[in-house]
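Observations on the model geometry
So you can see what is in the structure, the chains are spelled out below.
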Amino acid sequence: MSNNDVLRTLRYTFYYHDHKMAEIFNLGGKSVFAEEVNHWLKKEDEPEFAKLQDKDLAAFLNGLIILKRGPKDDSTPVAEKTLDNNAILRKLKIALDMKDEDMLEVFGLRGFKLSKHELSAFFRKPSQAQYRECKDQILRNFLQGLQLKFRPTA
């Protein structure tokens, strides 16, 4: 999944408009205008499309954490330079204050079966033997499950 796909899906799921999206980016330490957000939300074949970098998506997800849970302290979190599906899943878990059972319920809304042990493997350090890479299909099912949970009429 591309970073732009993740951003589009989250925007749709939570009913955010471009100005709200810019506000979330600003909370995460990335100063942007609504017009720039609009370019990231375009489809790849549209002329004004702009590719969303890992660092920018990390700033958005950090801003989402601050929006949903409040600031951790007086400092703004530093956005990671690289982001993988495991980190995206972890940041969404934190932002939405989800426990493993909540996440499994979201996967279940899509009819995607996952055990608690399989889920915990996504949050382990890559050096651990039980670590498992979060593939695009898993992240996509989670994001679509979030849509069913937070935007059920869609």
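Refer to the preceding data block for the structure.
Conventions used here
- Residues numbered from 1 in each chain as written.
- Predicted model: local features only at pLDDT ≥ 70, side-chain atom pairs only at ≥ 80, totals over all residues.
- Heavy atoms only, no water.
- Helix = DSSP H or I, 4+ residues; strand = E, 2+ residues; numbered from the N terminus.
- Expected span 1.5 Å × (residues − 1).
- Buried < 20%, exposed > 50% of the residue type's maximum accessible area, 1.4 Å probe, protein only.
- Contact = heavy atoms within 4.5 Å.
- Axes fitted to C-alpha atoms, helices over the stretch in contact; angles between N-to-C directions.
- Parallel < 35°, antiparallel > 145°, perpendicular 65-115°, else oblique.
- Left-handed = near helix turned anticlockwise from the far one by under 90°.
- Nonpolar A, V, L, I, M, F, W, Y, C, P; charged D, E, K, R; others polar.
- Salt bridge = Lys/Arg side-chain N within 4 Å of Asp/Glu carboxyl O.
- Core = buried A, V, L, I, M, F, W, Y, C linked by side-chain atoms within 4.5 Å.

Some details on helix α8 (residues 136-150)
For α8, spanning 15 residues, the distance from its first C-alpha to its last is 21 Å, which sits close to the expected 21 Å at 1.5 Å a residue. I138, L139, N141, F142, L143, G145 and L146 are the residues of α8 that are buried. Turning to α8, the residues buried within the fold contact α1 (3-13), α5 (85-95) and α6 (100-109).

Observations concerning the packing of α5 against α8
Contact geometry for α5 and α8: axes closest at 10 Å, N-to-C directions at 20°. Considering their axes alone, α5 and α8 lie roughly parallel with respect to each other. Both α5 and α8 take part in a crossing whose hand is left-handed. Seen from α5, the contacting residues are N85, I88, L89 and L92; seen from α8, they are D136, L139, F142 and L143. Of the residues assigned to the contact of α5 with α8, the class counts are 6 nonpolar, 1 polar and 1 charged.

Remarks on unusual backbone geometry
Peptide bonds are, in most cases, trans, and in most cases residues other than glycine have a negative phi. Residues other than glycine seldom take positive phi values, yet Y15 does so here, at roughly 60°. Mapping Y15 onto the fold places it in the loop between α1 and α2 (18-27).

Considerations on the pattern of salt bridges
Enumeration over the complete set of coordinates arrives at 13 salt bridges. Two residues, D100 and K93, come together in a salt bridge whose shortest N-O distance is 3.1 Å. Here K149 and E105 are joined by a salt bridge, their closest N and O atoms 3.7 Å apart. Linking K149 in helix α8 with E105 in helix α6, this pair joins segments that are 44 residues apart in sequence. Residue classification places K149 among the partly exposed residues on the basis of a relative accessible area of 34%. A cluster of three or more residues bridged by salt bridges with shared partners is formed by D5, R8 and E44.

Points about the nonpolar core
Core analysis: the biggest nonpolar cluster contains 44 residues, and F60 and F142 have the highest contact counts within it. Where this core is concerned, the elements lending two or more residues are α1, α2, α3 (34-41), α4 (54-69), α5, α6 and α8. Ranked by residue count, the leading element in this core is α4, at 7 residues. Apart from the residues lying within four places of it in its own chain, the contact partners of F60 are L7, L10, M21, I24 and F25.

A closer look at the environment of E101
Relative to the elements of secondary structure, E101 occurs in helix α6. On the basis of relative accessible area, E101 is assigned to the partly exposed category, the value being 45%. Separated by 62 residues in sequence, E101 and H39 place their C-alpha atoms 36 Å apart.

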